[in-house]
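If you want the building blocks of each chain, they are given just below.
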Amino acid sequence: MREADIVVVGAGAAGLALADRLTRPGGPRPVPSVVLVSAPPGPARPAERTWCFWEPPGGDYDDAVVASWERLRVRAPGGAVVEARPVPLRYKMIRSRGFEALLRERLAGRPGFRGVEAAVAEVRDGRGGAEVRGTTAGGAPLTLGARWVFDSRPLSRLPPARTVLLQHFRGWFLRTERPAFDPRAAELMDFRTPQPDRGLSFGYVLPLGAREALVEYTEFSPRVRDGAAYDRLLGHYAREVLGVGAARVVAAEQGVIPMTDAVFPRRAGASVFRIGAAGGATRPATGYTFTAVRRQAAAIADACRAGRVPVPPPAYSARTRAMDAVVLRALDSGRIDGPRFFTVLFGRCPAQRLLRFLDGESRLLEDLTIGLRTPVAAMLRTVAELPLLPRRAHHRCAFPAPVSLPVPDPAAHPPHAVRPPDEEEQRP
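Where an unreviewed UniProt entry is consulted, the protein appears under the name Lycopene cyclase, with the organism given as Streptomyces hygroscopicus.

Engineer: Report on the overall build of the protein, specifying residues and quantitative values.
Structural biologist: Helix and strand content of the protein: nine helices and 18 strands. The principal-axis extents of the C-alpha atoms in the protein amount to approximately 65 × 60 × 45 Å. Each of the 428 residues in the protein was classed as buried or not, and the buried ones make up 51%. Intrachain contacts of the protein at a sequence separation of at least 6 include 78% that bridge at least 24 residues. Accessible area for the protein stands at about 19200 Å²; split by element, carbon and sulfur atoms hold 53% of it. Between the averaged position of the 61 positive side-chain charges in the protein and that of its 44 negative side-chain charges there is a distance of 5 Å.

Engineer: Please provide a residue-by-residue account of the pairing of strand S5 (residues 71-75), values included.
Structural biologist: The buried fraction of S5 is high, at four of five residues. In this sheet, strand S12 (residues 185-190) lies alongside S5 in parallel orientation, the contact comprising five bridges. Bridged to Arg73 within S12 is Glu187. In this sheet, strand S6 (residues 81-84) lies alongside S5 in antiparallel orientation, the contact comprising four bridges. Note that in S6 the partner of Val74 across the bridge is Val82. Once S5 ends, the chain turns through five residues before running back antiparallel as S6, passing Gly79 with a positive phi of about 105°.

Engineer: Give me the pairing of strand S9 (residues 129-136): which residues, what numbers.
Structural biologist: In this structure, strand S8 (residues 113-126) lies alongside S9, joined through eight bridges in antiparallel fashion. Across the sheet, Ala119 pairs through a bridge with Thr135, a residue of S9. Here S8 folds back onto S9 in antiparallel fashion, the turn holding two residues, of which Gly128 has a positive phi close to 70°. Examined bridge by bridge, S9 and strand S10 (residues 141-151) share six bridges and lie antiparallel to one another. Paired with Glu131 across the strands is Gly145, a residue of S10.

Engineer: Explain the packing of aromatic side chains to me, and be specific about the residues and the numbers.
Structural biologist: Within this structure, the stated rule accounts for 15 aromatic pairs. An angle of 90° between the planes, with centres 5.6 Å apart, marks the rings of Trp51 and Phe99 as edge-to-face. One end of the pair, Trp51, is in strand S3 (residues 50-55); the other, Phe99, is in helix H2 (residues 96-108), and 48 residues separate them in sequence. Side by side, Trp51 and Phe99 carry an identical accessibility label, which is buried. Seen from their ring centres, Tyr61 and Phe290 are 6.4 Å apart, and the 75° between their planes marks the pair as edge-to-face. One end of the pair, Tyr61, is in the loop between S3 and strand S4 (65-69); the other, Phe290, is in helix H4 (residues 290-306), with 229 residues separating them in the sequence. Of the aromatic side chains, those joined through ring pairs into one cluster are Trp51, Phe53, Tyr61, Phe99 and Phe290. Arg283 extends its terminal NZ or CZ atom over the ring of Phe357, reaching a point 5.0 Å from the ring centre.

Engineer: An account of empty space enclosed by the protein is needed here, citing residue identities and associated values.
Structural biologist: Any empty space left between the atoms is revealed when a probe the size of a water molecule rolls over them. Counted according to the given criterion, the structure contains three cavities of 30 Å³ or more. Estimates place the volume of the largest cavity at around 60 Å³. Along its surface, the largest cavity is lined by Cys52, Phe53, Tyr288, Thr289, Phe290, Thr291, Ala292, Arg295, Tyr316, Leu358 and Asp359. The set of elements that each furnish at least two residues to the lining of the largest cavity consists of S3 and H4. At four residues, the largest contribution of residues to the lining of the largest cavity is made by H4.

What counts and how
Residues numbered from 1 in each chain as written. Predicted model: local features only at pLDDT ≥ 70, side-chain atom pairs only at ≥ 80, totals over all residues. Heavy atoms only, no water. Helix = DSSP H or I, 4+ residues; strand = E, 2+ residues; numbered from the N terminus. Buried < 20%, exposed > 50% of the residue type's maximum accessible area, 1.4 Å probe, protein only. Contact = heavy atoms within 4.5 Å. Areas by Shrake-Rupley, 256 points an atom, 1.4 Å probe, with all protein chains shown as cover. Lys, Arg positive; Asp, Glu negative; His and termini not counted. Charge placed at Lys NZ, Arg CZ, Asp CG, Glu CD. Pairing = 2+ DSSP bridges. Phe/Tyr/Trp six-rings, centres within 6.5 Å; stacked < 30°, edge-to-face > 60°. Lys NZ or Arg CZ within 6 Å of the ring centre and 35° of its normal. 1 Å grid on protein atoms, 1.4 Å probe; cavity = no way out; pocket = protein on both sides within 12 Å on 5 of 7 lines; lining within 4 Å. Points joined across faces, edges and corners; volume = space filled by probe spheres on them.

In structure tokens:
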């Protein structure tokens, strides 16, 4: 028995965006009935997280945008600033809680939509479609039948890959006693951080005002750090590099994003498909995901409305994935200097062209001109090497979802100067 035409498993960015596109009114065919399965409150439900992307003003989800910036900055290790204004694009920041509230408000008024809370244990093909099996928050068994199922749950391990780096980070939402941030600009990469032996690190600053910002310490490297190391490095960056002075941490977040040349299967059965990061929506060389998630959702909805088998399209072209494989291998091998690579790229490429490239929407000629601004000899050597490298299974690939971190009680912990690590602790 079918409970719906489509079941979407997971109510993160991918699941919500797909449910939104599938149930929008209009088009030549009736709107499909959709069930969105979200995890019940508890450890299975992801913590609040931040998503960023660029587009012109007036986007579909502007009502959930917390802040946006028309200026983007990258800082070299020595402090030199590269600034770009990619007009008409703006860099936009969305918090997952606000995005979910906006989308659930839209979906609640649409016929044929239903939301359920359940811990999903199994998704499999069934007779004439697929089945989702799980347990409700009250402990009752749940079975949902549908013609198609789209599964956004994280993979337990990555597919075989030649290169795997981890983008791992910890961020603090800081509130300072005095103005400490430039609310006009987002600092995408500030390389005035201690660099690891392998990979790279940088600071990331998204100002919400002159006295409020999300400040993150981020690494691209093979292994994650322990919590104390993140706090030491983030405290050093906030106090010694940014000079924020007295500040209170009002919220915190942490996460790990795999950056890999693995090929992600988008089909898990005759009627079961993977979407979001599990379906390859994360850009291998940068970790950005939100724009590709929306692109996949639109294509799936168009296929359903046209009566086609709604296999999610590749999030990025074969050419884009091949270029990312070269960049990842060159970074991981140390063949290129990561801070210099990204600083030069932002400094020498027109901003709009570079952002199209980072979204995977650039044309061949644009890709070639961007490629000529990279270390050509090192890249060509890596291109020659890649076909000789085997794809290996990575057993350490049960990556944790973003987590919310404890926040000090403001009454017990008044604003203070964010303490740096001592000299021994500053080494990565």
